[in-house]
Amino acid sequence: METLVIDHPLVSHKLTVLRESSTDSPTFRRLTDELVTLLTYEATRDVRVADVTITTPLAPAAGVQLTDPAPLVVPILRAGLGMLEGMTRLLPTAEVGFLGMARDEQTLQPATYADRLPADLSGRQCYVLDPMLATGGTLAASLQLLLDRGADQVTAICLLAAPEGLQALDRKLAADPAHQSHPRVRVVTAAVDDRLDENGFILPGLGDAGDRLYGSM
Ligand SMILES: O=P(O)(O)OC[C@H]1O[C@H](OP(=O)(O)OP(=O)(O)O)[C@H](O)[C@@H]1O
Ligand SMILES: O=c1cc[nH]c(=O)[nH]1
Ligand SMILES: [Mg+2]
């Protein structure tokens, strides 16, 4: 699995303010939105386009347009919802499917509580949005759902990733015989942090992304 860490001073600056515990919720939302737009620029470098010819006021010109079917963007509720607008700003014609997943605080296993995805994803390019890749359990479960429905390329956009979660995903994909004939799975992130703490939180991280976006519950 390819992991792309976006090394850019604007990304690092915004991520630094995002991590700061005194950053309030409105600022956290705005920075998340801005960071996603910056990550999307790189994450969509291989979005599928087809050649077209258009007519300028002066002459015909060669160009490109996004191919059909449009990419599918999948925010993982709750926290991934805070990333949706930052992505669709650059990909306004994308379709959006939703997955609701919550991690059990004791077992750290994800449970799926909402699934609003197309039944058939054959040939689709998919972009999963989830700010935190911690143990990797949530992303592994969402990848499984998308790949089982035929998605042939999945890019996960995360603000932060833990090394343990990236390794776990790598192991899982390598052990999956179906994956050999599959699609590229990529993770695009603003940073890979040090490690997980004993509660499965990313260190130094930014805390609970869902709570910081929407309040604790
Ligand atoms: O890699 P993992 O160990 O699976 O953890 C990451 C998941 O945990 C958080 O969601 P959470 O369960 O807190 O739900 P929320 O978005 O509703 O807060 C986060 O948004 C990821 O989805
Ligand atoms: O550090 C973490 C780990 C999981 N979920 C979060 O929101 N933050
Ligand atoms: Mg949460």
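Residues numbered from 1 in each chain as written. Chains lettered and ligands numbered in written order. Predicted model: local features only at pLDDT ≥ 70, side-chain atom pairs only at ≥ 80, totals over all residues. Heavy atoms only, no water.

Peer 1: Got a minute to help me understand the site of ligand 2 in this structure?
Peer 2: Taken together, the residues surrounding ligand 2 are Arg103, Met132, Ala134, Gly200, Phe201, Ile202, Gly207, Asp208 and Ala209. Taking Ile202, its main chain carries an N or O atom lying 2.8 Å from an oxygen atom of ligand 2. Residue Ala209 places a main-chain N or O atom 2.8 Å away from an oxygen atom belonging to ligand 2. The protein chains hide 89% of the 240 Å² of surface that ligand 2 would expose on its own. In terms of residue class, the shell around ligand 2 is built from 5 nonpolar, 2 polar and 2 charged. (Near = heavy atom within 4 Å. Polar contact = N/O pair within 3.5 Å; in protein donor to acceptor, adjacent residues only side chain to side chain. Areas by Shrake-Rupley, 256 points an atom, 1.4 Å probe, with all protein chains shown as cover. Nonpolar A, V, L, I, M, F, W, Y, C, P; charged D, E, K, R; others polar.)

Peer 1: How should the confidence of the model for the protein be read in this particular structure?
Peer 2: The predicted coordinates ought not to be read in detail in places where the model reports low pLDDT. Looking at the protein as a whole, the pLDDT averages 96, with 98% of positions reaching at least 70. At the level of chain-chain contacts, confidence expressed as ipTM amounts to 0.98, with global pTM at 0.97. (pLDDT = per-residue confidence, 0-100.)

Peer 1: I keep staring at the site of ligand 1 and nothing clicks. Help me out?
Peer 2: Neighbouring ligand 1 are 16 residues; Arg103, Asp130, Ala134, Thr135 and Thr138 lie closest to it. One of the side-chain N or O atoms of Arg78 is found 3.0 Å from an oxygen atom in ligand 1. A distance of 2.5 Å separates an oxygen atom of ligand 1 from a polar side-chain atom of Asp130. About the coverage of ligand 1: the protein hides 90% of its 500 Å² of free accessible area. Mapped by element, the contributors of at least two residues to the shell around ligand 1 are strand S6 (98-103), strand S9 (132-133) and helix H4 (137-148). Top element by residues in the shell around ligand 1 is S6. It accounts for 3 residues. (Helix = DSSP H or I, 4+ residues; strand = E, 2+ residues; numbered from the N terminus.)

Peer 1: Where do I start with the pattern of salt bridges in this structure?
Peer 2: Side-chain pairs of opposite charge can arise whenever the charged atoms involved come near each other. Tallied over the full model, the rule gives 12 salt bridges. A salt bridge links Arg48 to Asp152; the nearest nitrogen and oxygen atoms lie 3.2 Å apart. On the criterion of sequence distance, the pair formed by Arg48 in the loop between helix H2 (25-43) and strand S2 (49-55) and Asp152 in the loop between H4 and strand S10 (153-161) is long-range, its members being 104 residues apart. Classification of Arg48 by relative accessible area gives partly exposed; the value is 32%. (Salt bridge = Lys/Arg side-chain N within 4 Å of Asp/Glu carboxyl O. Buried < 20%, exposed > 50% of the residue type's maximum accessible area, 1.4 Å probe, protein only.)

Peer 1: What should I look at first to understand the UniProt feature "binding site: uracil" (unreviewed entry) in the protein in this one?
Peer 2: The positions that UniProt labels "binding site: uracil" (unreviewed entry) are, in the present scheme, Ile202, Gly207, Asp208 and Ala209. Tracing the backbone shows Ile202 in strand S13 (residues 202-203). Taking the relative accessible area as the measure of exposure, Ile202 reaches 7% and is therefore buried. Non-local contacts of Ile202, meaning those with residues more than four positions away in its chain, are made with Met132, Leu133, Ala134, Leu160, Ala161, Ala162, Asp193, Arg195 and Leu196. In this fold, Gly207 is placed in the loop between S13 and helix H7 (209-214). Dropping the residues within four chain positions of it, Gly207 is found in contact with Met132 and Phe201. (UniProt positions renumbered as here; feature names shortened; annotations may be inferred. Contact = heavy atoms within 4.5 Å.)

Peer 1: What exactly am I supposed to notice about the pairing of S10 here?
Peer 2: Taken residue by residue, a regular strand's side chains alternate between the two faces of the sheet. Along S10, 9 of the 9 residues are buried, which leaves the element largely enclosed by surrounding structure. Here strand S8 (residues 125-129) runs beside S10; their pairing, made up of 5 bridges, is parallel. Counterpart to Cys126 in the pairing with S10 is Val154. Bridge count for S9 against S10 is 2 bridges, and the pairing is parallel. Residue pairing for S10: Leu133 is matched across the bridge by Ala161. Taken together, S9, H4 and S10 constitute a β-α-β crossover, and its handedness is right-handed. Examined bridge by bridge, S10 and strand S11 (residues 184-192) share 8 bridges and lie parallel to one another. Considered in S11, the bridge of Thr155 is made with Arg186. (Pairing = 2+ DSSP bridges. Right-handed = clockwise from strand over helix to strand, strands pointing away.)

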